[in-house]
Amino acid sequence: MPEPILNVSNLSVEFHTRAGINYAVNDVSFHLNAGETLGIVGESGSGKSVTCSALMGLLPCPPAVIGAESRAMFAGMDLLHITEKEMAKLRGRRISMIFQDPMTSLNPCMTVGDQVAEPLVLHHGMTWKEARRAAVEELARTGIPEPDKRARCYPHEFSGGMRQRVMIAMALITRPEILIADEPTTALDVTVQKQVLDLLAERQRELGTAVILITHDLGVVKQYAHRIQVMYAGSIVESAPAEELLAHPLHAYTRALMASIPAAKAKGEPLQTIPGLPPTLREPIRGCAFKPRNTIGHPELCLTDRVPELVEAEPGHWVRNCPGCRMN
C-alpha cells in the first residue's frame with residue numbers, strides 16, 4: 001500500500017482566551033492518500049475547519065496553541081512545527097485551500113485575473129504578463145465565460161457561483177498536491193452547488209490532487225468522497241470508506257446525522273432532528289461527549305469516567321467504543 005501523502009497524528013488545538021481555554025480539537029489522527037477525496041463531516045463547531053486551518057498554519061498563535069505531541073507529516077516536514085517562512089513556500093503552491101465565503105476571501109481591490117495569477121508570480125517566478133495569460137486559461141477551464149474579459153473584472157461583478165469558480169482556479173493554478181475545500185458550496189443554490197462540486201471533481205481527476213472536503217452535508221460526501229471522517233466535539237467519532245460508513249454506520253451520532261437528512265424522509269413524514277447543542281468545549285471532555293443528545297442509542301450506558309477509545313471495529317472502519325453509542 002502506498003505511503004499516505006499526509007499523515008496527521010494526535011492533533012490537538014486549544015484557544016487560550018480571557019474567558020478561559022477552549023479545547024477545540026482533541027487528539028485527531030487521520031491520513032490522506034494521493035488522489036483521493038477525504039470527506040470531513042460534522043455540525044458547526046465540531047472542529048472541522050480548525051483542524052484544516054491548523055494544517056495550513058492559519059491559526060493565530062496565540063491565542064491558538066498546538067499540542068506538543070501533534071504531528072502532520074507532509075513531504076518529510078511537520079506542518080505544525082515548521083517556521084512561517086517554510087510554510088509560506090508550501091501554502092498556495094503544494095497545499096491550497098478554498099474558503100467558505102468567496103466574497104470575503106477574494107480581495108475586492110484586485111481584479112479577478114490578478115488574484116488568480118498572483119500564486120504563479122509568488123511561487124513559480126513568472127512575470128505578471130505570463131501569469132495573467134495562464135490565469136485566463138485557468139479561468140476558462142473552470143467554466144468562466146469570456147475569461148479574457150472577465151479576468152479584468154472585480155469580485156463584486158461576479159455571482160456567488162462564479163466567485164467560487166474563481167476560488168477553485170486560484171487554488172489549482174499551481175497544481176497543488178493537496179487541496180482543502182472548506183464547505184465550498186456554502187450559500188449557493190442546489191444547482192450551482194452541483195456544478196461547483198462536479199468542476200472540483202473533474203479538475204481533481206485531471207491533476208491527481210488529493211482533496212480534503214469539509215462539509216456538514218452527508219449528501220455531498222456520499223457523491224464525492226472516497227473516505228468519510230465524522231467529527232463531533234473536536235474529536236473523530238467514526239471513520240471508514242464512504243460506501244461502508246453510509247451502509248453500516250456504527251456510531252449513534254453518525255446515524256443521527258444520516259436520519260436528519262430531509263431527502264431520507266418520505267413526503268409528509270416529520271423531519272428528525274438531533275436535540276440540544278454540541279458541548280461548548282470550555283472544559284475537557286471527561287466521558288462520552290454525545291451522551292446528552294443520544295436519543296437513538298443507549299445513553300444510560302454511555303461512558304462518564306473516560307473518553308471512549310477509537311477502535312477498528314472492521315478493517316478500515318474506526319469508531320468510538322462507547323457502549324451507549326456504538327451500534328451494530
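Just so you know, these numbers come straight off a predicted model, no measurement behind them.

Reading the values: the criteria
- Residues numbered from 1 in each chain as written.
- Predicted model: local features only at pLDDT ≥ 70, side-chain atom pairs only at ≥ 80, totals over all residues.
- Heavy atoms only, no water.
- Helix = DSSP H or I, 4+ residues; strand = E, 2+ residues; numbered from the N terminus.
- Axes fitted to C-alpha atoms, helices over the stretch in contact; angles between N-to-C directions.
- Left-handed = near helix turned anticlockwise from the far one by under 90°.
- Contact = heavy atoms within 4.5 Å.
- Pairing = 2+ DSSP bridges.
- Disulfide = S-S within 2.5 Å.
- Buried < 20%, exposed > 50% of the residue type's maximum accessible area, 1.4 Å probe, protein only.

**Student:** Is there a simple way to think about unusual backbone geometry in this case?
**Tutor:** Trans peptide bonds make up most of the peptide bonds, and negative phi angles are found at most residues other than glycine. A cis geometry characterises the amide bond from Cys61 onward to Pro62, with omega recorded as -5 degrees. Note on placement: Pro62 falls in the loop between helix 1 (48-55) and strand 4 (64-66). The residue after Pro62, namely Pro63, is reached through a cis peptide bond having omega 10 degrees. Mapped onto the elements, Pro63 comes out in the loop between helix 1 and strand 4. Phi is positive for Asp27, which is not a glycine, with a value near 55 degrees. For Asp27, the position within the fold is in strand 2 (residues 20-32).

**Student:** Even after reading the chapter, I still don't get the packing of helix 4 (residues 112-124) against helix 5 (residues 128-141), so can you show me in this structure?
**Tutor:** Between two packed helices, both the angle of their axes relative to each other and the distance between the axes serve to describe the pair. Contact pair helix 4 / helix 5: the axes reach a minimum separation of 8 Å and the direction vectors enclose 115 degrees. Between helix 4 and helix 5 lies a crossing of right-handed hand. Residues Val112, Gly113, Asp114, Val116, Ala117, Glu118, Leu120 and Val121 of helix 4 form the contact with helix 5, whose own contacting residues are Trp128, Ala131, Arg132, Ala134, Ala135 and Leu139.

**Student:** When you look at the sheet that holds strand 11 (residues 235-241) in this model, what are you seeing that I'm missing?
**Tutor:** Sheets are built from strands that pair by backbone hydrogen bonding, the pairs being arranged parallel or antiparallel. Taken together, eight strands build an open sheet; the order of strands is 7-8-9-3-10-11-13-12 and the sheet is mixed. Whereas interior strands pair on both sides, the edge strands pair on one side only; in this sheet they are strand 7 (95-98) and strand 12 (310-314). Between one strand axis and the next, the sheet turns through 20 degrees on average, direction left out of account. Across the face of the sheet, helix 1 comes into contact with strand 3 (37-41), strand 7, strand 8 (178-182), strand 9 (210-215) and strand 10 (227-232) while running at roughly 145 degrees to strand 9. Along the sheet, helix 11 (residues 252-259) contacts strand 3, strand 10 and strand 11; its crossing angle with strand 10, the most-contacted strand, is approximately 105 degrees.

**Student:** How do you make sense of the state of the cysteines when you look at a structure like this?
**Tutor:** In protein chemistry, a disulfide is the covalent bond that joins the sulfur atoms of two cysteines. Following the criterion strictly, the structure yields zero disulfides and no others. Free cysteine Cys52: the closest other cysteine sulfur is in Cys61, separated by 15 Å. In this model Cys153 remains outside any disulfide bridge; the closest cysteine sulfur is found in Cys109, 15 Å from its own. The exposure class of Cys153 is buried, given its relative accessible area of 12%.

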